[in-house]
Amino acid sequence: MDFNMKKLASDAGIFFTRAVQFTEEKFGQAEKTELDAHFENLLARADSTKNWTEKILRQTEVLLQPNPSARVEEFLYEKLDRKVPSRVTNGELLAQYMAEAASELGPTTPYGKTLTKVAEAEKRLGAAERDFIHTASINFLTPLRNFLEGDWKTISKERRLLQNRRLDLDACKARLKKAKAAEAKATLWNDEVDKSEQELRVAQTEFDRQAEVTRLLLEGISSTHVNHLRCLHEFVESQTTYYAQCYRHMLDLQKQLGSSQGAIFPGTFVGTTEPASPPLSSTSPTTTAATMPVEPSVTGLAPPGETALCLEEVAPPASGTRKARVLYDYEAADSSELALLADELITVYSLPGMDPDWLIGERGNKKGRVPVTYLELLS
């Protein structure tokens, strides 16, 4: 009991001494041991890394799970070390509603068949989203959390310990300074000076040792950056794969809807052919994603309600023709359109009343409508 009481009294005395030293420093009444510039830079770099890691982590969580209630629930499950329950994605839920609607409204009707096709596509999109969230959580979010909850806590603990060692060191310097000032007036203070010098040597040794430990941890932030860089590349890879899957699913759906719409609404042109376009660059040799040109809206050569022009009767204007380079392959949807090959040069011009998204294209003795978004107009 006596030992515990003495220890508590000693701890209280140390805490009081540090508090006094810290307060006097704030008011400019005590000298403070300054860290060297390199050490200060390491501290600033570590603080910046921690702050930006927190922001990137939180915003990535919002990106992967926009529902704040769901994020809180997942956080609680993780803290309780329990498996997070699997959730139906918004796309999968929409697919379920569309499938049920098709079943009730008539699965063999045009509307019901379309609902079924869209439901299947939304289900695939939802599954792709689920895979993306899972991959991003493991390869990106988990390493960021591990840094904040592991390495950073260790760094913070050692920094607090260094701060205490510095306060103890400066308090010893202040006591020695007072003892020497008193010694000059009375020889009775010789023992006090010796004691203060001994305490200062011990405090300096402990401070130097703690400074070296903290410095090594702070220098390890460079390794943290390298690890986070690798995780960032993996996050981009998973996101690229996800968007490429979404694009492919939607192109397939667009083709299916285009063919069915042509049967339901005769005379309506729907551009559903996938253009052959260069893949996005990617660090993974197995991951490619096609660029996505905007599909033009096709309304025919003439405004609604008017008779469409006959291509055989169309003559190029006396002025206003231009050369154009084809950006992507384009397969003609019908005889009124001109099929295109990437990088070929054709002559194009517009006619009064044409949809602005389309031009008349000519190649040799062939002519037909061509989508503007597939062309690079040359001067």
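Counting of residues starts from 1 at the beginning of each chain's written sequence and follows it residue by residue. Two thresholds apply to this predicted model, a pLDDT of at least 70 for residue-level local features and 80 or more for giving and counting side-chain atom pairs, whereas whole-chain, interface and lining totals are computed over all residues. The basis for every side-chain value is the complete set of heavy atoms in the structure, and neither hydrogens nor water enter the calculation.

(A) Summary view of the overall build of the protein chain. In DSSP terms, a helix is any run of H or I states spanning at least four residues, a strand is any run of E spanning at least two, and both are numbered starting from the N terminus. Helix and strand counts for the protein chain come out as seven helices and five strands. Ordered by position from the N terminus, the helices and strands of the protein chain form the series α-α-α-α-α-α-α-β-β-β-β-β. Going through the 379 residues of the protein chain one by one, you find that 34% of them count as buried. Considering only intrachain contacts with a sequence separation of at least 6, the fraction spanning at least 24 residues in the protein chain is 68%. For the exposure calls, accessible area comes from a 1.4 Å probe over protein chains only, and a residue counts as buried if that area is under 20% of its type's maximum, exposed if over 50%, partly exposed in between. Should any heavy atoms of two residues lie within 4.5 Å, those residues are counted as being in contact.

(B) Here's a closer look at a nonpolar patch on the surface. Patch building starts from residues that exceed 30% relative accessible area and form no salt bridge, then joins like charges within 9 Å and nonpolar side chains (Val, Leu, Ile, Met, Phe, Trp, Tyr) within 5 Å. The accessible surface values rely on the Shrake-Rupley method and a 1.4 Å probe; as for residues, cover is taken only from the protein chains in view. Salt bridges are defined as contacts in which a side-chain nitrogen from Lys or Arg sits within 4 Å of a carboxyl oxygen from Asp or Glu. A surface patch of nonpolar side chains, amounting to about 290 Å² of accessible area, comprises Val 72, Phe 75 and Leu 76. Following the sequence through the fold, Val 72 ends up in helix α3 (residues 68-79). Of the residues examined, Val 72 reaches a relative accessible area of 48% and is grouped as partly exposed.

(C) Up close: unusual backbone geometry. Within the chain, Asp 343 stands out as a residue other than glycine whose phi angle is a positive 80°. Structurally, the position occupied by Asp 343 is in the loop between β1 (322-326) and β2 (345-349).

(D) Structural view of the pattern of salt bridges. Under the defined criterion, the tally for this structure stands at 16 salt bridges. Where Asp 170 meets Arg 166, a salt bridge forms, and the shortest distance between an N and an O atom there is 2.6 Å. Separated by four residues within a single helix, Asp 170 and Arg 166 lie in helix α5 (residues 110-183), roughly one turn from each other. Looking at Asp 170, the relative accessible area reads 3%, which means it is buried. A salt bridge links Glu 199 to Arg 175; its shortest N-O distance comes to 3.3 Å. Within this pair, whereas Glu 199 is found in helix α6 (residues 190-219), its partner Arg 175 is found in helix α5, the two being separated by 24 residues in sequence. The class of Glu 199 is partly exposed, set by a relative accessible area of 28%. Overlapping salt bridges, with partners in common, bring together Asp 36, Glu 212 and Arg 215 in one network.

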